[in-house]
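Structural overview for review
The chain contents come next:
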Amino acid sequence: MSPDKVFVRLRPTEAVQAVKKAKNCVVIEDECEFEATGVLDNASQDETFKAVGRPLVEATLRGISSTLLAYGGIGSGKTYSLFGGKVNHERGIIPRALEMIVQKMGSAQIQVSAYEVRSTDHIVDLLTPGPIDLVTCTVGGQLRDISSYPLKDGQSVRDIMKLIETNRTINSHQMTSITILQHDEAAGETIKSQLLFVDLASAGRNSVVSRQLSLLEHVVVTLGCKRGTRVPYRECRLTHTLQASLSSETNTALLCTLQPDKKLLSEALATIRFASRASKMPISREVRDRAPDPFLKVAELNKEIETLKRELSVQSLLTRGKSTMGIEPLNANQIAEAQRQVEEYLAGGQYPDVISNRQLCAVFTAFKQVLAKVSEEMKPKGAPTPVEDTKGNKSAKTSAKGNSGKQKNDADDKPETPTPKSAKRGDKGKNDKKEALDKRASASKVAPQTESTLSDEIEKDAGADEHPEPPEKQVSYKMFREGEGRVVVRLLRDAEVQAINLEKVSQEQAEIYNDRIKIRNELKRKVRNTPDEVLPDGRPVITEDKLADILKLKSLKQELTDAEKKFHVSKAKAEYCRDQARKIAERVVIEFAEWEKRTFGLESKTPAQEA
Ligand SMILES: Nc1ncnc2c1ncn2[C@@H]1O[C@H](COP(=O)(O)OP(=O)(O)OP(=O)(O)O)[C@@H](O)[C@H]1O
């Protein structure tokens, strides 16, 4: 039952009133207030049906099982509201609901059954009088061999109402159940829904009825506590038969009837207390979950896409671009790697290592560039190409490098841009080591897909057997970090920052969780040690303070579940990030060792050695 489905109906009176209506509130002795979905004061039977009964009928016709409980003191108007008075316009909610269903569901299969739970705890059929057995099944108590009456037209409505009227007894709880079977053509399935009306006997008529109602109140309070708590349905037959109808899958409403007379104040207070407790029952999850918020769903999916994109880029880097999946274009390092493999293949090496489409494109581009370079070299010397016209000296140097006979002269012609090889041959030689190192570092910095990149690579390979002196480890790492390794090093830094942040969040979540557990244990102890109150009629009831504590426990339970979930999620995220950071660190070590080997001819070390 949700807080928005509790109605209060005041029976008309001539006497001095202790209870009055103010908007949607019930004001008791001008002080205490109870806010209801609707307060019906001087309302006709038709108005009462429209406010309370019709929404439940509509929900049932939509396939959502619904229940209406009528609760109140002696002579307060429960039976009058549900079944009605003697004349036609005083028809109550049940006959009006049956009429509406007949009118709206002409072809559907509709069955009505009625029974009562007596103060002796026996169950009796009201359409074919006789005792009924209650058996336990998965959804609660199930009535065995109960009779049912098909609902076809106005006449069947009158027949059913008459049978119930004739057979029911006072001091009993009467249930009228309408089962509707509809065929959903689109889904190709049959939908079954039930509408149940419960006319509860009045508290205070006898002690057994009082006990049954007290147990029902206990069930209602427990339902409002937390999911998973054992609800004491089986304590009596009244609650056992109502189990399925009070479950979270049912749309439940409550009609509290009361007499506002001053001398009946204690009865009115008991009714209001029940209404207030029932209003704390949560709205059924299943009913609420039927329509998930589409905007929240889209936002959630977008967030997931972003996370997956980030993970893909890290994976792609870790596998050195060998990932078959990927959405981003290859980065400079990956393009350079494809170029290197093409050159290796042309020099008699292995086929380029191609897995993804993106790598295939990079390999073809590299072939195209080699081809362009070769055709360039085939041209007669001195014949300027459009590229040479625009690029001047640089392209002239490129074409000269292809000609090994001229290599020495050309190198000597350009002393201002010495390579390690030319520096050795020229005047500067080994003296200008720093300049040579800078040249190497900048050559490895970016690898754009241009002719000059390829030629630089070839030049590098040609001089691979002669390397400059390696500097201090720190200096060479700085060169690597600022050049070729800058992407992978930046990724490592980001991953570490993210891992540290997530570890901090995880720690905070653990503290919140532990805190909640402590508060819950204290509250549980308090609830256990607080005794129940005994009403003048002998009914034991939970005190208001205890109820408040039980409700607090309920919300704490939810908080605990949330905190635990958040802690596990943040912990898993932190561990995942830490693992990614570790893998990237290993990749940094490998790439740095390879770079050192290529740049200074040093033997590469294993990651374990480096670590
Ligand atoms: N809202 C109302 N308007 C007019 N008459 C009412 C109203 N409510 C109750 N009555 C009258 O009060 C009398 C008692 O009501 P009813 O039988 O419905 O009480 P009850 O709550 O079912 O009590 P119990 O469980 O003790 O039988 C009825 O005869 C009915 O005519």
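Residues numbered from 1 in each chain as written. Predicted model: local features only at pLDDT ≥ 70, side-chain atom pairs only at ≥ 80, totals over all residues.

In terms of regular secondary structure, the chain is built from 21 helices and 17 strands. The 611 residues of the chain split such that 31% are buried. At a minimum sequence separation of 6, the contacts of the chain that also span at least 24 residues come to 67%. (Helix = DSSP H or I, 4+ residues; strand = E, 2+ residues; numbered from the N terminus. Buried ≥ 20, exposed ≤ 12 C-beta atoms within 10 Å, placed from the backbone. Contact = placed C-beta atoms within 7 Å.)

Before going further, it helps to spend a moment on the nonpolar core. Residues V8, L68, V198, L254 and A275 are the most contacted members of the largest nonpolar core, which totals 75 residues. Counting residues per element, this core draws most heavily on helix α5 (residues 207-223), which supplies seven residues. The residues touching V8, leaving out its near neighbours within four places in the chain, are V26, A36, V39, C256, L258 and A275. (Core = buried A, V, L, I, M, F, W, Y, C linked by C-beta atoms within 7 Å.)

The next point concerns the site of the ligand. Lining the immediate surroundings of the ligand are 15 residues, of which G77, K78, T79, Y80 and S202 lie closest. With three residues, the single largest contributor to the shell around the ligand is helix α2 (residues 78-82). In the shell around the ligand, the residues fall into five nonpolar, eight polar and two charged. (Near = placed C-beta within 6 Å. Nonpolar A, V, L, I, M, F, W, Y, C, P; charged D, E, K, R; others polar.)

Per the UniProt entry, the sites bearing "binding site: ATP" (unreviewed entry) are G72, G73, I74, G75, S76, G77, K78 and T79 in this numbering. Relative to the helices and strands, G72 resides in strand β6 (residues 66-72). For G72, a count of 28 C-beta atoms within 10 Å puts it in the buried group. Not counting the four nearest positions on each side in its chain, G72 is found in contact with G77, K78, S202, C256, T257, L258 and T271. As for its position among the elements, G73 is in the loop between β6 and α2. Each residue touching G73, except ones within four places of it in the same chain, is listed here: S202, A203, G204, L258, Q259, L264, E267 and T271. (UniProt positions renumbered as here; feature names shortened; annotations may be inferred.)

Moving on, we get to unusual backbone geometry. Phi is positive for D121, close to 75°, though the residue is something other than glycine. Counting through the fold element by element, D121 comes out in the loop between β7 (109-117) and β8 (123-125). Residue classification places D121 among the partly exposed positions, given that 14 C-beta atoms sit within 10 Å. Residues other than glycine seldom take positive phi values, yet N171 does so here, at roughly 65°. Relative to the helices and strands, N171 is located in the loop between α4 (154-167) and β13 (173-184). Overall, N171 belongs to the partly exposed group, with 14 C-beta atoms counted inside 10 Å.

Below, the discussion takes up the packing of helix α1 (residues 45-61) against helix α3 (residues 93-104). Contact pair α1 / α3: the axes reach a minimum separation of 10 Å and the direction vectors enclose 40°. In terms of their interaxial angle, α1 and α3 are classed as oblique. Where α1 crosses over α3, the two elements pack in a sense that is right-handed. Counting all contacts with α1, which are made through T48, F49, V52, G53, V57 and L61, the residues of α3 involved are I93, R96, A97, M100, I101 and K104. Of the residues contributing to the contact of α1 with α3, the split by class is eight nonpolar, two polar and two charged. (Axes fitted to C-alpha atoms, helices over the stretch in contact; angles between N-to-C directions. Parallel < 35°, antiparallel > 145°, perpendicular 65-115°, else oblique. Left-handed = near helix turned anticlockwise from the far one by under 90°.)

It is at 6 Å that the axes of helix α19 (residues 486-529) and helix α20 (residues 544-600) come closest, and there the two elements cross at 160°. Taken as axis vectors, α19 and α20 run roughly antiparallel relative to one another. You can see that α19 and α20 cross each other, and the crossing is left-handed.

All right, on to the environment of S193 then. Of note, S193 is situated in strand β14 (residues 189-199). On the basis of neighbour count, S193 is assigned to the partly exposed category, with 19 C-beta atoms found within 10 Å. Along the chain, S193 and I110 lie 83 residues apart, while their C-alpha atoms are 10.0 Å from each other. Excluding its chain neighbours within four sequence positions, the residues that come into contact with S193 are T60, G63, I64, S65 and I180.

For the chain, per-residue confidence averages 76 on the pLDDT scale, and residues scoring 70 or more make up 73% of the total. Confidence scores differ between elements of the chain, with helix α15 (residues 420-425) showing the lowest mean pLDDT of 36 and α2 the highest of 96. Taken as a whole, residues 283-293 scores under 50 in pLDDT and shows 12 contacts with residues more than four places along the chain or in a different chain. Taken together, the stretch residues 383-465 has pLDDT below 50 and engages in 87 contacts with residues farther than four places along the chain or on a different chain. As a predicted assembly, this complex carries a pTM of 0.52 together with an ipTM value of 0.97. (pLDDT = per-residue confidence, 0-100.)

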